[in-house]
Protein chains: 2
Amino acid sequence: MKRSASEIGEKSNRFLNSTIMRKPGMPLILLLVGVSCILASDSVQTNSSEKEDKFPLTLSRGWGDDLYWIQTYEEALYRSKTTNKPLMIIHHLEDCPHSQALKKVFSENNEIQKLAEQFVMINFIYETPDKHLYPDGQYVPRILFVDPSLTVRADITGRYSNRLYAYEPSDINLLISNMKKALKMLKPEL
Amino acid sequence: MKRSASEIGEKSNRFLNSTIMRKPGMPLILLLVGVSCILASDSVQTNSSEKEDKFPLTLSRGWGDDLYWIQTYEEALYRSKTTNKPLMIIHHLEDCPHSQALKKVFSENNEIQKLAEQFVMINFIYETPDKHLYPDGQYVPRILFVDPSLTVRADITGRYSNRLYAYEPSDINLLISNMKKALKMLKPEL
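So, how was this worked out
- Residues numbered from 1 in each chain as written.
- Chains lettered and ligands numbered in written order.
- Predicted model: local features only at pLDDT ≥ 70, side-chain atom pairs only at ≥ 80, totals over all residues.
- Heavy atoms only, no water.
- Disulfide = S-S within 2.5 Å.
- Helix = DSSP H or I, 4+ residues; strand = E, 2+ residues; numbered from the N terminus.
- Buried < 20%, exposed > 50% of the residue type's maximum accessible area, 1.4 Å probe, protein only.
- 1 Å grid on protein atoms, 1.4 Å probe; cavity = no way out; pocket = protein on both sides within 12 Å on 5 of 7 lines; lining within 4 Å.
- Points joined across faces, edges and corners; volume = space filled by probe spheres on them.
- Nonpolar A, V, L, I, M, F, W, Y, C, P; charged D, E, K, R; others polar.
- Contact = heavy atoms within 4.5 Å.

Q: Please clarify how the state of the cysteines should be interpreted in this entry.
A: Covalently bonding the sulfur atom of one cysteine to the sulfur atom of another cysteine gives a disulfide. Residues and elements named next belong to chain A. By the definition in use, this model includes two disulfides over all chains. Paired by a disulfide, Cys37 and Cys96 hold their sulfur atoms 2.1 Å apart. One quick way to see it: the torsion about the S-S bond of Cys37 and Cys96 is about 80 degrees, and its sign makes the bridge right-handed. With Cys37 in strand S2 (residues 37–38) and Cys96 in the loop between strand S3 (87–91) and helix H3 (97–108), the pair connects residues that are 59 residues apart, well separated along the chain. Given the relative accessible area of 15%, Cys37 is considered buried.

Next up, the structure:
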């Protein structure tokens with residue numbers, strides 16, 4: 001039986017469990033308008049002119065060259081589980097100005113870089129087949145946390161009601177606070 | 001329903017179809033003894049001392065810094081299909097001397113590096129869940145080709161009957177010839 005690559009995305013409600021979305025009454029519901037990019041998961045994202053600028057390609061892709069970045073989702077899940085560190089997943093695109101702006105702040109913020117050492121870190125410029133990693137759509141930038149119990153922390157959200165996992169550069173303190181929240185592990189259910 | 005990361009490997013007879021193994025009577029059947037490493041897919045492969053040597057981590061990992069390397073298997077399949085280039089997958093380990101020896105020859109050989117531009121290239125230090133990528137075991141170094149029709153070219157093998165997809169540095173001409181074979185696409189079945 002042959003399966004095409006395009007089926008992959010449909011075939012993979014697996015690996016992870018989202019927690020039930022917990023949204024405590026937020027004081028201010030914001031709509032994110034035009035500050036995130038739609039992830040063009042079906043377009044080839046690099047051309048030959050980009051190619052010349054960026055060699056050799058790094059796993060950090062500029063989000064922190066001193067951090068240890070994982071290549072594959074499977075390895076990231078495995079490391080999170082075995083090291084008992086939460087997993088932080090950054091979806092971004094090289095040609096998305098909002099991703100680039102967030103990356104600049106993220107990579108230059110000492111507190112974030114220090115906190116990130118306590119996580120298993122991975123960044124993707126391509127969607128994984130795991131639909132739990134796009135609970136409200138495939139936009140970028142989009143940051144999700146996964147507990148070492150391999151549960152997506154869907155409760156850890158940013159400020160925007162229509163793009164729950166998007167962050168702007170001005171949200172950096174909220175991101176720091178969310179990283180701290182992710183470090184407080186989920187308690188096993190009774 | 002929760003699924004643990006350890007189940008991932010068992011759950012994935014998907015994505016690809018191996019072709020039926022074609023082994024034309026080989027003039028000399030060789031046994032590969034002690035020249036490949038068992039891929040310790042369940043061990044953490046990097047420690048902090050390695051960490052200091054290798055930053056920033058690159059996607060090429062030394063197999064050719066001027067080539068364009070893909071991060072994820074899903075993207076590699078997608079690019080192979082849409083660009084009609086065959087996919088070349090190198091499994092290796094940083095602490096495997098046989099992988100390192102092959103990498104040195106591979107990265108320094110101009111003909112290989114030039115040929116590699118005609119492929120979608122990916123290298124893994126961690127196994128994917130796709131069992132079609134380990135038709136005869138999870139050893140390294142191990143090189144597999146995938147046709148743009150997303151069929152594993154299980155017929156393109158090295159010299160060793162017990163590790164069909166292993167190559168030693170001295171097999172570099174066979175690897176070149178296998179790359180040329182992979183560039184001749186499979187004909188659709190009649």
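Q: Explain empty space enclosed by the protein here, please?
A: To find leftover empty space, one rolls a probe the size of a water molecule over the atoms. A complete count under the given rule lists five cavities of 30 Å³ or more for this structure. Taken together, 13 residues make up the lining of the largest cavity; nearest its centre are A:Thr72, A:Tyr73, A:Glu74, B:Tyr73 and B:Glu74. Breaking the lining of the largest cavity down by element, the ones donating at least two residues are helix H2 (73–83) of chain A together with helix H2 (73–83) of chain B. In the lining of the largest cavity, the residues fall into seven nonpolar, four polar and two charged.

Q: I'm lost on the environment of A:Ala76 in this one. Help?
A: Residue and element names in this part refer to chain A. Here Ala76 shows up in helix H2. In this structure, the C-alpha to C-alpha distance between Ala76 and Gln138, residues 62 residues apart in sequence, is 20 Å. Here Ala76 is in contact with Ile70, Leu87, Val120 and Ile122, once residues within four sequence places are set aside.

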